[in-house]
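Coordinate analysis (summary)
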Amino acid sequence: IALATHGRSGVDRWSHGSVADQVLHATKVPLLLVRPGDGWKAVPREFHRIVVLLDGSAEAERALDVAAPLAAQFCVPLVLFRFVEPMAIEFGDPMGMTYVDVERITNETAAEVRKQLEAKAGELRKRTTVNASANVAIARPGEGIAAYVREHPDTLVVLTTHGRTGWRQALLGSVARRVVQ
């Protein structure tokens, strides 16, 4: 399924709705979304890399079943991308709390995630013709991938959705929805 998306958010999205968002969370077949215009660089005619957003789940890794053959067919690199969200710990009384080195914990987590992604990229390189690499960034996934694509507009982003709706989607959020917006 191929759709254009307006990328609406806030009140505009609430008042107009989003067909792309509804289809995104309702279908089980691959969905190609294109977001034209609104200050972003023009959508290129060709893409020069494919980025797969992974979150450590088996559902997210299923995106590789679509992305790897595309990367091989179009002879473009495949980047396995994962975001480590910055930790936010609020302290009531810092004098009564044990010191927590949030930066160290975040950096160690990112290093462990990088090892996992590099192993996965190595597996792909061994069993396919795909030039796979790993990229880990410390950021919120929706914001991080939007920034990456603004810097690299010739990127095709491939991700899966957990298909959450209703209270689960409201409580747990949706990276796919934030990326689309």
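Please refer to the structure higher up on the page.
Reference entry: report on the structure contained in this document.

1. Some points on the packing of aromatic side chains
Within the structure shown, the criterion is met by 3 aromatic pairs. Arranged with centres 5.1 Å apart and planes meeting at 80°, the rings of phenylalanine 81 and tyrosine 148 form a pair that is edge-to-face. Taken together, the residues phenylalanine 81 in strand E4 (residues 78–84) and tyrosine 148 in helix H6 (residues 141–151) connect sequence positions 67 residues apart. Grouping residues by exposure puts phenylalanine 81 and tyrosine 148 together as buried. Following the ring pairs from residue to residue traces out a cluster consisting of Phe81, Phe83 and Tyr148.

2. Overview of helix H5 (residues 102–127)
Spanning 26 residues, H5 covers 38 Å between terminal C-alpha atoms, matching the ideal 38 Å at 1.5 Å per step. Considered for burial, the residues of H5 that qualify are Thr106, Ala110, Val113, Leu117, Lys120, Ala121, Gly122 and Leu124. Lining the buried residues of H5 we find helix H3 (58–61), helix H4 (64–74), E4 and strand E5 (132–138).

3. Quick word on the pattern of salt bridges
Following the criterion strictly, the structure yields 5 salt bridges and no others. Between arginine 49 and aspartate 154 there is a salt bridge, with the nearest N and O atoms lying 2.6 Å from each other. Within this pair, whereas arginine 49 is found in strand E3 (residues 49–53), its partner aspartate 154 is found in the loop between H6 and strand E6 (155–158), the two being separated by 105 residues in sequence. Here glutamate 85 makes a salt bridge to arginine 140, at a shortest N to O gap of 3.9 Å. Here glutamate 85 is found in the loop between E4 and H5, whereas its partner arginine 140 is found in the loop between E5 and H6, with 55 residues between them in sequence. Accessibility expressed as a relative area gives 40% for glutamate 85, which makes it partly exposed. Since its relative accessible area comes to 45%, arginine 140 is described here as partly exposed. One network of salt bridges, with partners in common, ties together Glu61, Lys120 and Glu123.

4. Brief notes about the pairing of E3
Summarising burial for E3: 5 of the 5 residues are buried, a large majority. Neither face of E3 is open: one carries Arg49, Val51 and Leu53, the other Ile50 and Val52, and all of them are buried. The pairing of E3 with E6 spans 4 bridges and is classified as parallel. Looking across to E6, one finds that valine 51 is bridged to valine 157. As paired strands, E3 and E4 are joined by 4 bridges and run parallel to one another. Across the sheet, residue valine 51 finds its bridge partner in E4, namely valine 79.

Thresholds applied
Residues numbered from 1 in each chain as written. Predicted model: local features only at pLDDT ≥ 70, side-chain atom pairs only at ≥ 80, totals over all residues. Heavy atoms only, no water. Phe/Tyr/Trp six-rings, centres within 6.5 Å; stacked < 30°, edge-to-face > 60°. Helix = DSSP H or I, 4+ residues; strand = E, 2+ residues; numbered from the N terminus. Buried < 20%, exposed > 50% of the residue type's maximum accessible area, 1.4 Å probe, protein only. Expected span 1.5 Å × (residues − 1). Contact = heavy atoms within 4.5 Å. Salt bridge = Lys/Arg side-chain N within 4 Å of Asp/Glu carboxyl O. Pairing = 2+ DSSP bridges.

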